[in-house]
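Listed here are the chains, written in short residue letters.
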Amino acid sequence: MIGINELVLKSCEQNELKYLSKLHLSKYLSYSEKMIIDWIVEYTTKYSEAPNINRLSDKFSFLEYVAVPDYPLADIAESCQKFVKNRFFADFVNKHQKEIENNEIDSIAKIIDESDSLDMNDDSFVDHSDLYLEYFQEKLTLSFNERIFDNNTYMTRDNVVWFAGRPETYKTTLCQWLAYKQFLAGRNVLVITNETSIEAYAAKIDSFMFGIPLDNFFTNSFLEQEKTMIMKVKQLLSGYKGSIKYRKGFVNDVRSIKFFIENINPDIVFLDGVYLMGEKDGWTSYGKISSDIKQLSLDYKVPFVGPIHTNRANTDGIVTAEQIALSDSFLKDCDKMFGIYREDSNFDKVSINNLKDRQSKDHLPTFSLHVNKGLNMLQFDNYNSIIKEY
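Fair warning: this is a prediction, and the values are worked out from it, not measured in the lab. (Residues numbered from 1 in each chain as written. Predicted model: local features only at pLDDT ≥ 70, side-chain atom pairs only at ≥ 80, totals over all residues. Heavy atoms only, no water.)

So, about the overall build of the protein chain. Per the secondary structure count, the protein chain includes 15 helices and 12 strands. Evaluated residue by residue, the protein chain yields a buried proportion of 44% over its 390 residues. Residue pairs at least 24 apart in sequence account for 67% of intrachain contacts in the protein chain once pairs closer than 6 positions are excluded. (Helix = DSSP H or I, 4+ residues; strand = E, 2+ residues; numbered from the N terminus. Buried < 20%, exposed > 50% of the residue type's maximum accessible area, 1.4 Å probe, protein only. Contact = heavy atoms within 4.5 Å.)

Next comes the structure, spelled out in structure tokens:
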């Protein structure tokens, strides 16, 4: 476990004190540890650079010098936070050992209450002035990488975006297309599909990528030049910045998605079959799933995109809020919702209207989507969206 000394040395070495400053407000620290951090902050303020090892040694002869792992500073800070918290709790338990052995509930409750209260360190709050730097972060917003959307709106890193419509309105196809475009933009995409198989989802994206009809991927009926192209692209993608990862198996709860995000660290999540999740106890269950997904996007700054259903009342015509199936929470909790519907008997054409958009530059107009039967392109109104655009 990495402790205070490692964080102090690494912070001074990199002349970066933000993690030390946050840790300084923690009540887990000892008096001497606070004194060291105080002095480092004052020194850096005065001389515009952090003290080096020799200067630290002159000032604090009791400071133990240790080998610092070659980890990112953020990882060292996180490990240090866990170390001081665990140290405090162990000391506290030892101090109240007799009360614990005697099963005195009040004493155990006191330990838990005090530990929880001390966990409210600086990481639990954000000062308004600290938020100014967020405005200049490159990853604050995320484009759809599709012109018809990007001309009128944008995603932020904590957005939830749903495409709502009846079956066979190309909701999933559009989401697969947007996942493909996110991949082309060099982003790490996580796909969770409860409704469509991984193989079918991936085949649709590959049909976009290679301009090859979808059926060819299922029947293995490729021309020789198509096989050669697929293998060449596969080699190129091995070093590509972007990635698409699929979760194997059925995902029933949002807690599992939290675990995937923590381990994979995606830029965006595409969730197919959200209506199949939960304990199937009606509106309450779906409402909780919706709010939990939104909270997950807020906590981890990862947007979610996916299809949801409308009810049978939406047989044709523009999609309205009253027609969203399962729960009103899907509309209430999300940041963007687009309705997809069929205007006429043309099976390959649907229209898309805007039900809700918290970040709209100008209210997104209703537009048409044509699905090419070869599935090597989608056509939005009067332009073809193809790989050459980006």
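Evaluation of the coordinates by the stated rule reveals nine salt bridges. Measuring nitrogen to oxygen at the nearest pair gives 2.6 Å for the salt bridge that ties Lys336 to Asp357. Taken as a pair, Lys336 in strand 8 (residues 336-341) and Asp357 in strand 9 (residues 349-357) lie far apart in primary sequence, 21 residues in all. Residue classification places Asp357 among the buried positions, given a relative accessible area of 16%. Several salt bridges converge on common partners, so that one network encompasses Lys294, Asp335 and Arg358. (Salt bridge = Lys/Arg side-chain N within 4 Å of Asp/Glu carboxyl O.)

When two helices pack together, you describe them by how their axes are tilted relative to each other and by the distance separating the axes. Orientation of helix 9 (residues 171-184) relative to helix 10 (residues 198-210), taken along the N-to-C sense of each, is 60 degrees, at an axis distance of 9 Å. Between helix 9 and helix 10 lies a crossing whose hand is right-handed. For the pair helix 9 and helix 10, contact is made by Thr172, Thr173, Cys175, Gln176, Trp177, Ala179, Tyr180 and Phe183 and by Ala200, Tyr201, Lys204, Ile205, Phe208 and Met209, respectively. Among the residues making up the contact of helix 9 with helix 10, the classes are represented as 10 nonpolar, three polar and one charged. (Axes fitted to C-alpha atoms, helices over the stretch in contact; angles between N-to-C directions. Left-handed = near helix turned anticlockwise from the far one by under 90°. Nonpolar A, V, L, I, M, F, W, Y, C, P; charged D, E, K, R; others polar.)

Let us look at the nonpolar core. Residues Phe149, Phe163, Leu174, Leu178, Phe270 and Val305 are the most contacted members of the largest nonpolar core, which totals 35 residues. Top element by residues in this core is helix 9. It accounts for seven residues. (Core = buried A, V, L, I, M, F, W, Y, C linked by side-chain atoms within 4.5 Å.)

Another aspect to go through is the confidence of the model for the protein chain. Residue-level pLDDT values for the protein chain average 77, and 74% of them are 70 or greater. Per-element confidence in the protein chain is highest for strand 6 (residues 268-272), whose mean pLDDT is 95, and lowest for strand 12 (residues 383-385), whose mean pLDDT is 43. Low pLDDT, under 50, characterises residues 115-123; the stretch is placed with 16 contacts to residues that sit more than four places away or in other chains. This model gives residues 382-390 a pLDDT under 50, and the stretch forms 23 contacts once residues within four places in sequence are excluded. (pLDDT = per-residue confidence, 0-100.)

Our focus in this paragraph is the pairing of strand 9. Burial within strand 9 is extensive, with seven of its nine residues counted as buried. As defined by bridge partners, strand 8 adjoins strand 9 across six bridges and the pair is classed as antiparallel. In the strand pairing of strand 9, Lys336 is matched with Asp357. (Pairing = 2+ DSSP bridges.)

Within the chain, Asn220 stands out as a residue other than glycine whose phi angle is a positive 55 degrees. With respect to the element layout, Asn220 can be found in the loop between helix 11 (214-219) and helix 12 (224-237). By relative accessible area, which is 57% here, Asn220 ends up exposed. Even without being glycine, Asn265 reaches a positive phi, approximately 55 degrees. Considering the arrangement of structural elements, one finds Asn265 in the loop between helix 13 (254-264) and strand 6.

Moving on to helix 10. An ideal rise of 1.5 Å per residue puts 18 Å on 13 residues; helix 10 measures up with 18 Å between its terminal C-alpha atoms. Just downstream of helix 10 lies Gly211, where phi reads positive at about 70 degrees. (Expected span 1.5 Å × (residues − 1).)

Looking now at the side chain of Ser290. Relative to the helices and strands, Ser290 is located in helix 14 (residues 283-300). By relative accessible area, Ser290 is classed as buried at 3%. With residues near it in sequence (within four places) discarded, Ser290 still touches Ser329, Phe330 and Asp333.

Counting through the fold element by element, Pro167 comes out in the loop between strand 3 (160-165) and helix 9. Along the chain, Pro167 and Asn311 lie 144 residues apart, while their C-alpha atoms are 10.0 Å from each other.

Inspection of the entire model under this criterion finds 14 aromatic pairs. When the centroid spacing of 5.3 Å and the interplanar angle of 55 degrees are considered together, the rings of Trp177 and Tyr180 count as tilted. Within this pair, Trp177 and its partner Tyr180 are both found in helix 9, separated by three residues, close to a single helical turn. Judged by relative accessible area, which is 1%, Tyr180 ranks as buried. (Phe/Tyr/Trp six-rings, centres within 6.5 Å; stacked < 30°, edge-to-face > 60°.)

Helix length check: helix 12, at 14 residues, gives a terminal C-alpha distance of 20 Å against a target of 20 Å (1.5 Å per residue), a fit within 8%. Listed in full, the buried residues belonging to helix 12 are Glu226, Ile230 and Val233. Looking down the long axis of helix 12, one finds its buried residues gathered within 70 degrees of arc, a one-sided arrangement. Of the exposed residues in helix 12, the ones pointing more than 90 degrees away from its buried face are Glu224, Gln225, Lys232 and Gln235. The secondary structure elements touched by the buried residues of helix 12 are helix 10 and helix 11. (Arc of directions from axis to C-beta.)

What follows concerns the environment of Ile324. Secondary-structure assignment places Ile324 in the loop between strand 7 (304-309) and helix 15 (329-333). For Ile324, a relative accessible area of 4% corresponds to the buried category. Once the C-alpha coordinates of Ile324 and Arg312 are considered, the two residues, 12 residues apart in sequence, prove to be 9.7 Å apart. Excluding residues that lie within four positions of it along the chain, Ile324 makes contacts with Ala164, Ile308, His309, Thr310, Asn311, Val319, Phe330, Met337 and Leu355.

Let us now look at the side chain of Ser11. By secondary structure assignment, the location of Ser11 is in helix 1 (residues 4-14). Here the side chain of Ser11 touches Leu7 through a polar contact of 2.7 Å, landing on its backbone oxygen. (Polar contact = N/O pair within 3.5 Å; in protein donor to acceptor, adjacent residues only side chain to side chain.)

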